[in-house]
Structures are given as C-alpha cells and as structure tokens.
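What follows is each chain in one-letter form.
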Amino acid sequence: MELRQLEAPQRTAVCVRRACKRYGSVPVLRDFSMTVAEGTIYALLGASGCGKTTLLSCLVGRQQVDSGQVCVLGVEAGRHDHTISKSSIGYMPQDVALYDTFTIKETMLYFGWIFDRKSRDVEENLHFWLELLQLPQRNTKVKNLSGGQKRRLSLATALLHGPSLAVLDEPTVGLDPLLRDVIWRHLLHLSGARGTTIVITTHYIQEARQAHTIGLIRNGCLLAEESPGSLLRRHQSDSLEEVFVLLSLQQEQNKRSQDELPTSEEHDNEEIQRIYDINNTDYSDKMNFPEIKKIGKSRNLISTGRMSALLYKNCTSLWKDQWLMLYLFGQCLFLPTIVYYAFIGFPELLTLAVVNHDRNSSGSPGRCGGDDGLPLEHGSCELADLGCRFTRLLGAPHFTTELFSDRQLAAEAVRRGRAWGSLYFNENYTSALAERARPDVAPSDDTVEQSNALVRLDMTDFITSHYLQAQLFRKYQTFMQEIAESCGYNPKLVHLPLRVKESVYGHMIPRNIDQFGGPFIIFIVYFLGVALSTPSIVFERREGLLDRNIVAGITTLEIVLAHFLAQFVVLACQIMVLEVFALNVFQLECIGNPVLLWWLSMVVGASGMLLGFAISAFCQCEMAAALLANGCVMPLLLMSGILWPLAGLHPSLATASPWLPLTLPVEAVRSITSRGMSMAHPKVYAGFAASGGWCLLFVALVAVSIRFNRL
C-alpha cells in the first residue's frame, strides 16, 4: 500500500506559471511561478507592496494576470467557460469586509446561507468559533468590535463552510501571539485532518515556520519556494529572516538574465495540462486523498438561496440604519413641504413709487388728498383727482405705494431696490382722461398722450415684473369700470375687445401648487430613486464587500437585483407617503385617478434607481458617483418642462427635451392631475412608455458598467 502511494503523482491545488501583472506602468508580478500541493499550508512572505494581495486576487478570480497562467483546483482562473465551485474556496481579504450593522450571529448566518448552509448548522457551530477565536457574545454588533475581533470574525466567515482551498490575506496581523498560535494550530488541523489547502500571507516570518511550504516574494518575484526546514538547511541558518535578507541581497546583486527565466511557454503549457490530468484522475485506490468538492462547468445566474441571503442582508442593513431611514422618509415630507411653501402664492406687497403732478389733485404736487385725511369721493361722476383715485386702488394685498414729489427721486428709489417700479401722472392727467372719456368728442393726439399714466418697472425679476404688470392692467381696468359705472356708461365699453372665456383645463386663476406640484412629485421621486441606489455598489466595493461576495459565488446580477428589490420596496413606501402627504395635507388637485399617478411615479422611480445603479457600477468612489448623479439629475429640472415651458427652450434644447427621462412623464402627470385623463390617452401612456424605455436603457448601462469594471 505504501509503494502504491509513492507511485501516485501528487495532486496540485494551485499552480501559477510565469504570471505577470502591471498596474499602469508599474509591474506587480514578474514572471511569477508557484505550486501549492493539496492538503498543505503555503505561506507567502514578503513586505507590503510586494504583490501578495494582487496574487491572491488572481487566485480567487477577482483579477486576471496580464500574461501567464493561473490554475486553481484544476481550473484556469479567470476563464468564463470553466467556473470553480465557489463553495470550494474560502476567502479572507485584506480588508475586514463585514457589515457593521450586523451582529456576529447575523454575519455568520449570512455567509452560511450564501454557501447553502442551514441556519441550524451555522448556529450549532457558532459557539465553536466564538470560543476558538475568543469573540464576544453572538449578539454583539460588528461596529462595536475592535479591529482584531473584526479580523477574527472575518477569518471565521472564510472557514465557516469547510472549503477545500482557503485563501487568507494576513489573518493574524495585529493579533495577540497566543491567539496567533491558536489560529495556526487550527489551520494545521484543517490541513492535516480535513485535507484543506491553505494559502496564507503573513508579516510574521517566524510563525510561517509552521507552514509546509514557504514562498518568499520580493518585488513581484518569487525568491524561494521550499519547506522551512529545507530553506534553513540550504542556507545554513537558524532564522528565516536571515534567509530572506540573504536571498534579497542575492536578488539585488544577480539580476536574472534571459537564460535564467522560467521554463519556456510550451513547457509551461504541458505542465498546466499535466496538472489538469492529475486533478481529474481518480487515485482513490492508490492514495488516501481527501475528497475534493465538485468543480462545475457553469453556475446559475440566480440562486434562490443566494438571493434570499442578499435580500436578508439588504433589508436588515436598511432597517437597522435608523438615521438613513429617518433621512429617506424625512425627505418625503420635507421636499413637498418646501415645494408647497415655495409656490404657495403670488408676489404680494410690491412697492410702487408714485409721482402725482396732476393739477386737479386735491393735494399738493406728489401727494393725494387722502394723505391729509380728506376722503376721496368714489362712485361720483365728478372726474377729479383721477390719479389719486387710481393710486388708492393699488393697495394690499398686491401693492404698497410710496409717494414722491419728483420723478428723479422715484427713479432713484427703483434703482436702489426700494420699489419695483414707478408710476407717473402728468399735470393734465385728469382733464385729459376726462376729455378722452367723452364719447361725443374725438380726442387729439396730445390729449391721448397726456391721459396716459407712465410706468417704468424693474424687469430684472422676470416673473415678479410680469406679474406686477398684469396686476396693474387688472387694477386699471377696474378703475375705468368704476368711472364708467359712476357716470352712467356701459362698463363693458372699457373692456378690451378680446374676451378670455372659462378654461378648458385648469382654472383662470390657478394655484401655483397645482401648476408645479405634480411635476415636482415626479422630479422628487426620480431624485430619490437615484439618491437611494447610487451609493450601493460603490460602498460595497470600497469596503471590500463586493469582492468577498463575488468570490463567495454571488453573481453581479444577483447583487444588483437584490439591491433593486430591497430598495424598490423602500421607494414604493416613499412614493406612497409623498403622494398622500401632497394630496391630503397640501390639497394638491388631482382630477384623475391617484392610483394611476402612483403607478407612474413607481415606473419613474424605477428608472431613477437603475440610473443610480449604472452610476454606482461605473464609478470607483462615492464622491465621483455623487457628482455624476447630480450632473445627470439637475439638468432635468430645467429641460423637462418642470420650471419652464418647453416652448420657451432654445431650439437645440427643445429638440433634445422630449428624449429626456422626465419630459413625457411630467406631461403625463399634468394630464392626470389637471386634465383627468386616463391611461388610454396618448399623453398618459407616452409617459409610461418613455419611463419603461429608459428603464431598459439603464439596465443595459448597468450591464456595460459591470463589464467595464469587471465586477
């Protein structure tokens, strides 16, 4: 039996041949080759920045080498037509890569569910890990653990499912020497009793003496690959540190020539094929090898177990982050409140600087008789003090008047911002207006000119100035009607020969909230969707959680879909709160079906969320994602007909506007709220169709972003 064991070729768990990897122009791995036998502990020793972490990322498939080959458990890493069964690998990254809001128990359950472990089995083993790694109680939150405790918990999650290959990036850094010894004894037990292959990096050279094989790495090159005893004997030293220093000096002194490079590419290909053949041959009758977990050719894009774990993780993270939930639902109340009070009414108490030089005025120039306490007669056909009578009509709530004795002073008041405009009555205003009003005499051009009240406005604020102008016209028409009625004339004679009858849709004098409320609801929903989803993938990438989940076998489709489902439920609740608040508290007019408005908001919110996921997958940091999201969302406020009509846009913008994500939905929401249209109307279903089309486009962008960043 012993002879047959010696004849059987040794199975190889990891084989790297002539691997090269660069970050830009900086080489990280240089013709790197290593071999890890199955059931052994392989310790990689080297200083920070020598390429250890990059090498481990290549082993677990998160990065690809620029050239060379990497074979893991009989499969070439990085090839899409062969996929390693993820339950065969346990990965502990250099970062802690844990969810701070989870407890220790929830963390272990989550990683157990990813590897199809039952909750009962995980909980039964939980006490063992707590005792072995000296962790606090199971209900302690991760954010309350020390740095060393987090690393120990990270190690436990990597070994929880009993992998065939454990890839551990500095699991003992910063730990107590006694605890490091406990961990190493457990790793030796796993490799000896269970046949687990362990690739471990460490800064502690002396503790690596317990490994079966040591790989000394410096500047991306492997200096030596032997057992600790062989290294010490070969270099006649008692210290691995001395050996490392000696080999480093030799590397500096003897630059490898072309003849000293590793074996040729053809030979390496034969070596890789040999390893494939060995690892796929059954030697159970020759050697007592531990059973290797099955290596599959493909994996499901969506797994019920993995999706359940991800949904549990996402929902739990959202629910436990009270400040985030307070912010999310506070925005649903805060934003519509701001919109309501920002558009609650029209401009009021606009100051006019009045100069009255009418000779027929009962007061002194620049003043009216009413200013001295003398009442002005209204309802009398006595055409006197007409300038003062008109001035008295310009009262609250729209106007407040300030009298000046000189036109220059009034103009100065406008220039200094004390008034929005000036109103001037000349010396013959009353007599000229009385003569102009006589139906039996045709007035001269001079009479017509002197009967005009002159108005000069500050037009810098377009909306306020035009509103002031419109109110002046209305007040003046009321003033002329009053004169006509008092003199027995038909008041309709003073009307312009153009009548605007009742409106087809809306009201003649609408509320601003009815004009802007519906479109702003759509914009707020879109903004909330983008804001909710943009940080998701960026945060997980920054914390190392994304790499850990993908190495554990979760597909990028599952990650995005789980985030979308969990956050879409939150968004649906936000939309419900937002619309109930707007319709019932602020009395936003909705002639159509409110349920149709809710569904439209849901589709718009979904398109916003998908845009956020595309941005999150594309950007590498949260700041870049936030800036890109703002750059995508804020122009829609100006170009989608929310604040300014589409007919007023520049032709270049007007051409592009209908193709924007919010233009047709904004028109649809106006059709629902102010026109009472149903889904059958083209303006309504066009809004739904446009949002649905943008959803499909953003799904494609998510896929491109994921592929571009190799998530």
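Residues numbered from 1 in each chain as written. Predicted model: local features only at pLDDT ≥ 70, side-chain atom pairs only at ≥ 80, totals over all residues. Heavy atoms only, no water.

Participant: Before we go on, may I ask you to explain the sheet that holds strand β3 (residues 41-45) in this structure?
Facilitator: Backbone hydrogen bonds hold the strands of a sheet together, and the pairing may be parallel or antiparallel. Strand order across the open sheet formed by six strands is β6-β7-β8-β3-β9-β10, with mixed pairing between neighbours. With one partner strand each, in any of the chains shown, β6 (89-92) and β10 (221-226) form the two edges of the open sheet. Looking at each pair of strands side by side, their axes are set apart by 15 degrees on average, direction ignored. Contacting β6 and β7 (165-169), helix α5 (residues 147-159) runs over the sheet at an angle of about 170 degrees to β6. (Pairing = 2+ DSSP bridges. Helix = DSSP H or I, 4+ residues; strand = E, 2+ residues; numbered from the N terminus. Axes fitted to C-alpha atoms, helices over the stretch in contact; angles between N-to-C directions. Contact = heavy atoms within 4.5 Å.)

Participant: I keep staring at empty space enclosed by the protein and nothing clicks. Help me out?
Facilitator: By rolling a water-sized probe across the atoms, one finds the places where empty space is left. Scanning all chains against the criterion turns up four cavities of 30 Å³ or more. In this structure, the largest cavity spans a volume of roughly 80 Å³. If you tally residues by element for the lining of the largest cavity, the top one is helix α17 (residues 512-542), at five residues. Taken together, the residues of the lining of the largest cavity sort by class into 11 nonpolar, one polar and no charged. (1 Å grid on protein atoms, 1.4 Å probe; cavity = no way out; pocket = protein on both sides within 12 Å on 5 of 7 lines; lining within 4 Å. Points joined across faces, edges and corners; volume = space filled by probe spheres on them. Nonpolar A, V, L, I, M, F, W, Y, C, P; charged D, E, K, R; others polar.)

Participant: Help me understand the pattern of salt bridges in this model?
Facilitator: Side-chain pairs of opposite charge can arise where the charged atoms are in close proximity. The full count for this structure, using the stated rule, is 18 salt bridges. Put simply, K320 and E106 hold a salt bridge, and the shortest N to O gap is 2.5 Å. With K320 in helix α10 (residues 304-320) and E106 in helix α3 (residues 104-114), this pair connects stretches of sequence that are 214 residues apart. With relative accessibility at 18%, the residue K320 sits in the buried group. Where salt bridges share partners, they join E412, R415 and R416 into one cluster. (Salt bridge = Lys/Arg side-chain N within 4 Å of Asp/Glu carboxyl O. Buried < 20%, exposed > 50% of the residue type's maximum accessible area, 1.4 Å probe, protein only.)

Participant: Help me understand the sheet that holds strand β5 (residues 75-76), please; the structure alone is not making it clear to me.
Facilitator: Spatially, β2-β1-β4-β5 is the arrangement adopted by the four strands of the open sheet, whose pairing is antiparallel. Lying at the two open borders of the sheet, with one neighbouring strand each, are β2 (26-37) and β5. Sheet topology places strand β4 (residues 67-72) next to β5; two bridges connect them, and they run antiparallel. Looking at β5, one finds that C71 is bridged to E76. Here helix α2 (residues 52-59) sits on the sheet and contacts β1 (12-23), β2 and β4; the angle it forms with β1, its principal contact strand, is near 120 degrees.

Participant: What is the right way to read the nonpolar core from this model?
Facilitator: Here is a general trend for soluble globular proteins: nonpolar side chains tend to be buried in one another's company. Counting 133 residues, the largest nonpolar core has M108, Y110, L168, L187, L216, Y526 and L662 as its most contacted members. Those residues in contact with Y526 that sit more than four places away from it in its chain are V604, S607, G608, L611, V633, L636, P661, L662 and F698. Of all hydrophobic cores here, the second largest spans 26 residues; its members include L29, V36, L56 and I89. (Core = buried A, V, L, I, M, F, W, Y, C linked by side-chain atoms within 4.5 Å.)

Participant: What is the right way to read the packing of α17 against helix α21 (residues 622-639) from this model?
Facilitator: What describes two packed helices is the angle between their axes and the distance between those same axes. At their nearest, the axes of α17 and α21 sit 10 Å apart, and the two run at 165 degrees to each other. Classified by the interaxial angle, the pair formed by α17 and α21 is roughly antiparallel. When the axes of α17 and α21 are compared, the crossing they make is right-handed. Taken together, the residues of α21 that come into contact with α17 (itself represented by F520, F523, Y526, F527, V530, T534, V538, F539 and R542) are E622, A625, A629, V633, M634, L636 and L637. (Parallel < 35°, antiparallel > 145°, perpendicular 65-115°, else oblique. Left-handed = near helix turned anticlockwise from the far one by under 90°.)

Participant: Where do I start with the packing of aromatic side chains in this structure?
Facilitator: Ring pairs (aromatic) are described by centroid distance and by the angle formed between their planes. Summed over all chains, the structure comprises 24 aromatic pairs. Between the aromatic rings of W113 and Y312, the centroid separation amounts to 4.9 Å while the plane-to-plane angle is 80 degrees, which identifies the pairing as edge-to-face. A residue pair is termed long-range when its members are at least 10 positions apart, and W113 in helix α3 and Y312 in helix α10 qualify at 199 residues. On the basis of relative accessibility, which here comes to 22%, the residue W113 falls in the partly exposed class. According to the relative accessible area criterion, Y312 is partly exposed, its value standing at 24%. Within the aromatic cluster, the residues linked to one another by ring pairs are Y99, F102, Y110, F111, W113 and Y312. The positively charged end of R180 is found above the aromatic ring belonging to Y204, 3.9 Å away from the centroid. (Phe/Tyr/Trp six-rings, centres within 6.5 Å; stacked < 30°, edge-to-face > 60°. Lys NZ or Arg CZ within 6 Å of the ring centre and 35° of its normal.)

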